[in-house]
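Analysis of the macromolecular model
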Amino acid sequence: MAGEWQNAVAEARQATGFTGGVVQRTVGSIGAALRLDRRADFYSELGALADSGGFEAFLNHWWTQALADAAPDGEAREQAIDFADVAVSLFARAVGGPTSTPSEIDAIVTGVEAC
């Protein structure tokens with residue numbers, strides 16, 4: 001799965017033009033990148049996970065939040081969230097999970113609402 005993740009991140013970078021730093025999609029890296037006021041919620045939620053299926057959704061959610069928290073300003077935060085949305089969708093598509101449609105991904109990239 002690591003190869004699929006790296007491919008999704010590379011494709012999302014290309015699609016969105018995102019040039020910011022990317023937090024590694026690991027528990028330790030995500031926890032370290034989160035704002036202190038969110039970190040307790042992250043570890044509390046991690047401790048409450050019951051199955052591995054939920055773990056992927058947990059990582060996706062908190063990875064997106066970690067990217068947003070690591071952004072230096074509001075504009076960079078919006079770009080990081082758009083990039084994360086595309087990367088997570090591309091990864092889900094690669095591993096057979098629930099995905100956004102191509103038009104939804106295009107809408108995220110262009111900032112236009114999908115039809």
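Given the structure is predicted, the values throughout are model-derived calculations rather than measurements.

The rules behind these values
- Residues numbered from 1 in each chain as written.
- Predicted model: local features only at pLDDT ≥ 70, side-chain atom pairs only at ≥ 80, totals over all residues.
- Heavy atoms only, no water.
- pLDDT = per-residue confidence, 0-100.
- Helix = DSSP H or I, 4+ residues; strand = E, 2+ residues; numbered from the N terminus.
- Expected span 1.5 Å × (residues − 1).
- Buried < 20%, exposed > 50% of the residue type's maximum accessible area, 1.4 Å probe, protein only.
- Core = buried A, V, L, I, M, F, W, Y, C linked by side-chain atoms within 4.5 Å.
- Contact = heavy atoms within 4.5 Å.
- Salt bridge = Lys/Arg side-chain N within 4 Å of Asp/Glu carboxyl O.

On to the confidence of the model for the chain, then. Summary statistics for the chain give a mean pLDDT of 85 and a share of 80% for residues scoring 70 or more. Across the chain, element-level confidence peaks in helix H2 (residues 27–33) with a mean pLDDT of 96 and bottoms out in helix H6 (residues 102–110) with 58.

Its 21 residues place the ends of helix H5 (residues 74–94) 30 Å apart at the C-alpha level, agreeing with the 30 Å of an ideal helix rising 1.5 Å per residue. Ala76, Ala80, Phe83, Ala84, Val86, Ala87, Val88, Ser89, Leu90, Phe91 and Ala92 are the residues of H5 that are buried. At the exit of H5 stands Gly96, carrying a positive phi of roughly 80 degrees.

A separate point is the nonpolar core. With 23 residues, the main nonpolar core has Trp5, Ile30, Trp63, Leu67 and Phe83 as its most contacted residues. Those elements giving two or more residues to this core turn out to be helix H1 (2–16), helix H4 (52–70) and H5. Excluding residues within four positions of it along the chain, Leu67 makes contact with Gly21, Val22, Val23, Ala80, Phe83 and Ala84.

For Gln65, the position within the fold is in helix H4. Residues in contact with Gln65, not counting those within four places in the same chain, are Leu34, Arg38 and Arg77.

Glancing now at the pattern of salt bridges. All chains considered together, the criterion is met by four salt bridges. Linking Asp69 and Arg38 is a salt bridge whose minimum nitrogen-to-oxygen distance equals 2.9 Å. Placement of the pair is Asp69 in helix H4 and Arg38 in helix H3 (residues 36–48), with a sequence separation of 31 residues. Across this residue pair, the class does not change: Asp69 and Arg38 are buried. In this structure, Asp69 and Arg77 form a salt bridge, with 3.8 Å as the shortest nitrogen-oxygen distance. Overall, Asp69 belongs to the buried group, its relative accessible area being 14%.

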